[in-house]
Amino acid sequence: MLEPNFTPFPKLMTERLLLRQINQKDAAEIFFLRSDGTILQYLSKEPAQSLKEAEEFITRITNDLSTGDGIAWGIALKKDPEKIIGTIGYWRMQKENYRAEIGYVLHPNYWRQGIMKEAILKVLDYGYHTMGLHSVEARINPYNKASSSVLEATGFVKEGYFRQDYFFREQFEDTAVYSRLNV
C-alpha cells in the first residue's frame, strides 16, 4: 500500500517554476484562484466568498499533508517565489491502488505559456518516482479544451466519459476522465 510522507515538504523546481508549500501568507492569491469566474468556468465549484474561506482551504490542505491524504503545491515563478500564480497537487488518493487524482488551477494572466505543462510533468515525476504512484487520473469538464489539451500533451489518455454524473447549480454535468500510467 502507498504510504506517502510529505515531511519535509518537497519543493520542486523546473526551468521557470518553483513549486512550494502553500501557507497562510498566500491567502489572497488562493482567494483569487478560488473565486475568479474565468478560472471557475469549468470547475463546477461555487466561488469563494471571503479571505476566511481561502484560509480554511489552506488549513485543509495542510492537514492533508500531515495525514498523507494529499499534497498541494503553490506554483510560483522562480523570479518571484513569494507570489503564487496557481496550484497543483494530488488528492483523492487511492493508497491501496497506488493511484491519485491530479488537480490544478492557474491565474488567467499565465495561460497559454506552457506553465501548467511544465508543472504537471514535474509533479508526475515526483508522484511516480518519489511517492510510488502507479497511475494518476484527472477528471475534467469535457468542454474545457485547454485542460484536455495539456493533459494529452503530458501523456494522459482519455479513458472515460460519464454523462450527467455531476449535479451543480440545478443541472447535471458530464465528466471526462483521463489517466496516465507510470511506464
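This text goes with the structure placed above it.
The sections below set out a description of the structure shown in this document. (Residues numbered from 1 in each chain as written. Predicted model: local features only at pLDDT ≥ 70, side-chain atom pairs only at ≥ 80, totals over all residues. Heavy atoms only, no water.)

With respect to the helices, strands and loops of the structure, E101 is situated in strand 5 (residues 99–106). Among the residues examined, E101 registers a relative accessible area of 4% and is labelled buried. Side-chain polar atoms of E101 contact the side chain of R92, separated by 3.2 Å. With residues near it in sequence (within four places) discarded, E101 still touches G89, Y90, W91, R92, E137, A138 and R139. (Helix = DSSP H or I, 4+ residues; strand = E, 2+ residues; numbered from the N terminus. Buried < 20%, exposed > 50% of the residue type's maximum accessible area, 1.4 Å probe, protein only. Polar contact = N/O pair within 3.5 Å; in protein donor to acceptor, adjacent residues only side chain to side chain. Contact = heavy atoms within 4.5 Å.)

Once that is clear, we can look at the pairing of strand 4 (residues 80–94). Bridging between strand 3 (residues 71–77) and strand 4 involves seven bridges; their strand directions are antiparallel. Opposite I75, over in strand 4, you have G86 as the bridge partner. Two successive antiparallel strands, strand 3 and strand 4, enclose a turn made up of two residues. Pairing geometry for strand 4 and strand 5, over seven bridges, is antiparallel. Pairing of Y90 across the sheet is with I102, part of strand 5. Counting the residues that bridge the hairpin from strand 4 to strand 5 gives four residues, and of these Y98 lies at a positive phi of roughly 55°. (Pairing = 2+ DSSP bridges.)

Note on placement: L51 falls in helix 3 (residues 51–67). Considered as a pair, L51 and S35 are 16 residues apart in the sequence and their alpha carbons are 10.0 Å apart. If we skip the residues at most four places from it in the chain, L51 touches A27, A28 and F31.

Taken together, eight strands build an open sheet; the order of strands is 1-2-3-4-5-6-8-7 and the sheet is mixed. Pairing within the sheet leaves two strands with one partner each, and these edge strands are strand 1 (12–13) and strand 7 (157–168). Contacts from helix 4 (residues 115–131) reach strand 1, strand 2 (17–21), strand 3, strand 4, strand 5, strand 6 (135–140) and strand 8 (171–181), with the element oriented near 50° to strand 4. (Axes fitted to C-alpha atoms, helices over the stretch in contact; angles between N-to-C directions.)

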